[in-house]
Amino acid sequence: EAEVAQSPRYKITEKSQAVAFWCDPISGHATLYWYRQILGQGPELLVQFQDESVVDDSQLPKDRFSAERLKGVDSTLKIQPAELGDSAMYLCASSSVGGFSYNEQFFGPGTRLTVL
Amino acid sequence: SQQGEEDPQALSIQEGENATMNCSYKTSINNLQWYRQNSGRGLVHLILIRSNEREKHSGRLRVTLDTSKKSSSLLITASRAADTASYFCATETGGFKTIFGAGTRLFVKA
């Protein structure tokens, strides 16, 4: 069964360092999402791609976060510099229907980030 | 900001009992989805109900949607220990944006 792949699964870094997360969506899925989930809360959308274009990054802290999906397939989320408050689970999801309703999302296992 | 508000925040029941979770939201939606998350893992899609639907079933799951009250409920019948997880409602709004609630933590005791 096709799955969304994410790496690394765990990342520990010191504040002010740069970190990067990678996501490979299910083949053929045009829409890709990055979420941040703080312990005890629901996922919060950071950025949504339709193919290689960003369709929503209104909640992305653009002074330190960046995301790209250059060829419309896999994606990288970067934080530079990392801050203590960035400690969270970073989830990637993909869906086959982009920009329309009836949108089931398939999630990867997530990357647990700890900033010391 | 999170649109969906789940109630209760936590629920503990015995195996075999039914579990009911509620979700309220603030703005009009295209659809509402329920997801399950086991501890420290990614989310798994359970069921989607469209704004023009009132009830939907999938196995032991029953979802209702009341758009006039801006609320939904998820019923898990004959619960099992394996149902222990966090359950999130997610609403897709007119801008095709999906917003998750804070979740209900369900614990099913064997």
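Our subject is the structure listed above.
Student: In this structure, what is going on with the interface of chain B and chain A? I would like to understand it.
Tutor: Of the residues lining the interface, 23 residues belong to chain B; the matching set on chain A comes to 24 residues. Carbon and sulfur atoms supply 49% of the area that chain B and chain A bury against each other, a total of about 1800 Å² over both sides. Our count for the contact surface shared by chain B and chain A stands at zero salt bridges. For the pair chain B and chain A, the interface holds four residue pairs in polar contact (both at pLDDT 80 or more). Elements supplying a minimum of two residues to the side of chain B that touches chain A: β4 (29–37), β5 (43–50), β9 (85–93) and β10 (98–100) of chain B. Per-element tally for the side of chain B that touches chain A: the top contributor is β4 of chain B, with five residues.

Student: How do you make sense of the sheet that holds strand β3 (residues 19–24) of chain A when you look at a structure like this?
Tutor: Strands in a sheet are paired, the pairing made by backbone hydrogen bonds, and the direction either parallel or antiparallel. Residues and elements named next belong to chain A. One open sheet accounts for four strands, arranged β1-β3-β8-β7; its pairing is antiparallel. For this open sheet the edge positions go to β1 (5–7) and β7 (65–68), each flanked by a neighbour on one side alone. Within the sheet, the average angular offset between the axes of one strand and its neighbour, ignoring direction, is 15°. Relative to strand β8 (residues 75–79), β3 runs antiparallel, the two sharing five bridges. Along β8, the bridge assignment pairs phenylalanine 21 with leucine 77.

About the cut-offs
Residues numbered from 1 in each chain as written. Chains lettered and ligands numbered in written order. Predicted model: local features only at pLDDT ≥ 70, side-chain atom pairs only at ≥ 80, totals over all residues. Heavy atoms only, no water. Contact = heavy atoms within 4.5 Å. Buried area = accessible area lost by both parts, 1.4 Å probe. Salt bridge = Lys/Arg side-chain N within 4 Å of Asp/Glu carboxyl O. Polar contact = N/O pair within 3.5 Å; in protein donor to acceptor, adjacent residues only side chain to side chain. Helix = DSSP H or I, 4+ residues; strand = E, 2+ residues; numbered from the N terminus. Pairing = 2+ DSSP bridges. Axes fitted to C-alpha atoms, helices over the stretch in contact; angles between N-to-C directions.

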